[in-house]
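Read off the chains here:
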Amino acid sequence: CTLVSCQNSVSKEFTFSPTTIKQYHLRLSSTTPNINYKVTCNFEKENNNIVMLTTINEIQNVGDSEMDNEINQQYQNHVNSNIISIYDNFGKSLPNEATEKRIINPDLLIIEYPKHAIKEGDTWTGQKSAEPDFIFKKIKTIYTLKKIQSNNNIINVAMTFEKESNNDPVLNSMTKFYTGDYTVYDDGTVKNAVITITGFSGFSNLTGKLTIEEIK
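Keep in mind it's a predicted model, so treat the numbers as computed, not measured.

A.B. asks: Sorry, what's going on with the overall build of the protein here?
C.D. replies: Within the protein, the secondary structure is distributed over three helices and 13 strands. In terms of C-alpha radius of gyration, the protein reaches 18 Å, essentially the compact-globule figure of 17 Å for 216 residues. Referenced to the eigenvectors of the C-alpha coordinate spread, the extents of the protein come out at roughly 65 × 35 × 30 Å. A burial count over the protein gives 39% of its 216 residues as buried. Intrachain contacts of the protein at a sequence separation of at least 6 include 51% that bridge at least 24 residues. For the protein, the accessible surface area stands at approximately 11700 Å², while carbon and sulfur atoms represent 50% of it.

Rendered as C-alpha cells:
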C-alpha cells in the first residue's frame, strides 16, 4: 500500500489509565462568569474503576463589580475542598455516593473512549453530568479522533447541554454548546483543551471560551 493509505489505516485503542497526579489550570471566560481554577487530580484504582479526587487549589472570579467581588469571596470557601468522581477504564462517569457540592465539573477533564480501537476520522458518543449547572442536567458529546500522535492525540468534541423538559418558555429557549479540541496522552488523560462556548441565555446570545492547561 502507499504511505498515505497505510497512515490512514492506523488505529489505536485508548483507555483511561492515569498513573501520575495531574494538575490543571482552567480558565472559563464568557458573557456571564469569568472564573479561573487551579486543581489537583489524584487517582486510585478501585476494583476495575478509577476514583479521581479533585482538589480545588485556587479559584478566582475575575470581575470588578461589587457583585463580582462578593461572588469571589464566596468562592474562597471552596478552596482546598475535594470532589470525588468515579470512572471506568474508558472514562465513563459512574454513579457514586459522594455528597460534596460540585463547584466545578471534573468530568470536563475526562474523555470518554469507545471500547474498541479507533482511527483518525472515527466518531463516537458519550454522556456526562452537567452539574453544577443549574439549568442543564446532562452533556451529550460527539467525539471525533482528529489525529493519532504519540502523547499528542487530538480529539474534537461537540458537547450539547441538555435539560429536563420544563413549562417555562424562557428556560426552554436556553441552549449551551461546547466545541473544540482536546489533546490527550496515550494513557487517556488530558494534556490541554481549547473549547468555544456558544448558546442562548434566554435573552441574549452566549459566547465564551474554556481553556484547560496541564500544570507541569
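A.B. asks: Is there a simple way to think about the pattern of salt bridges in this case?
C.D. replies: When the charged atoms of two side chains with opposite charge come close together, those side chains can pair. Following the criterion strictly, the structure yields nine salt bridges and no others. Note that aspartate 181 and lysine 146 form a salt bridge whose closest N and O atoms lie 2.9 Å from each other. With a gap of 35 residues between them, aspartate 181 in strand 11 (residues 175–184) and lysine 146 in strand 9 (residues 138–147) connect regions that are remote in the sequence. On the basis of relative accessibility, which here comes to 25%, the residue aspartate 181 falls in the partly exposed class. Its salt-bridge partner being glutamate 214, residue lysine 216 comes within 3.7 Å of it at the nearest N-O pair. For lysine 216, a relative accessible area of 80% translates into the label exposed.

A.B. asks: Is there a simple way to think about the sheet that holds strand 12 (residues 190–200) in this case?
C.D. replies: Strands in a sheet are paired, the pairing made by backbone hydrogen bonds, and the direction either parallel or antiparallel. Taking strand neighbours across the sheet as the criterion, the 11 strands line up as 6-5-4-3-2-13-12-11-10-9-8 in an open arrangement whose pairing is antiparallel. If you trace the sheet from one side to the other, it starts and ends with strand 6 (93–94) and strand 8 (123–129), each paired once.

A.B. asks: How should the nonpolar core be read in this particular structure?
C.D. replies: The biggest cluster of nonpolar side chains holds 48 residues, and the ones touching the most others in it are Val39, Ile111, Tyr178, Tyr182 and Ile212. The leading source of residues in this core is strand 3 (residues 34–46), at five residues. Aside from chain neighbours lying at most four places away, what touches tyrosine 178 is Leu28, Leu108, Val157, Ala158, Met159, Phe161, Ile195, Thr196, Ile197 and Leu210.

A.B. asks: Where do I start with the pairing of strand 9 in this structure?
C.D. replies: Every other side chain in a regular strand lies on the same face of the sheet, so the side chains alternate between the two faces. Note that strand 8 and strand 9 share seven bridges and pair antiparallel. Bridge pairing in strand 9 links threonine 123 to threonine 144. Judged from the nine bridges that link them, strand 9 and strand 10 (residues 153–162) form a sheet pairing that is antiparallel. Residue pairing across strands places lysine 138 opposite glutamate 162, the latter belonging to strand 10. Counted along the chain from strand 9 to the antiparallel partner strand 10, the turn is five residues long, and its residue asparagine 151 has a positive phi close to 60 degrees.

The rules behind each value
Residues numbered from 1 in each chain as written. Predicted model: local features only at pLDDT ≥ 70, side-chain atom pairs only at ≥ 80, totals over all residues. Heavy atoms only, no water. Helix = DSSP H or I, 4+ residues; strand = E, 2+ residues; numbered from the N terminus. Rg over C-alpha atoms; globule rule 2.2 N^0.38 Å. Buried < 20%, exposed > 50% of the residue type's maximum accessible area, 1.4 Å probe, protein only. Contact = heavy atoms within 4.5 Å. Areas by Shrake-Rupley, 256 points an atom, 1.4 Å probe, with all protein chains shown as cover. Salt bridge = Lys/Arg side-chain N within 4 Å of Asp/Glu carboxyl O. Pairing = 2+ DSSP bridges. Core = buried A, V, L, I, M, F, W, Y, C linked by side-chain atoms within 4.5 Å.

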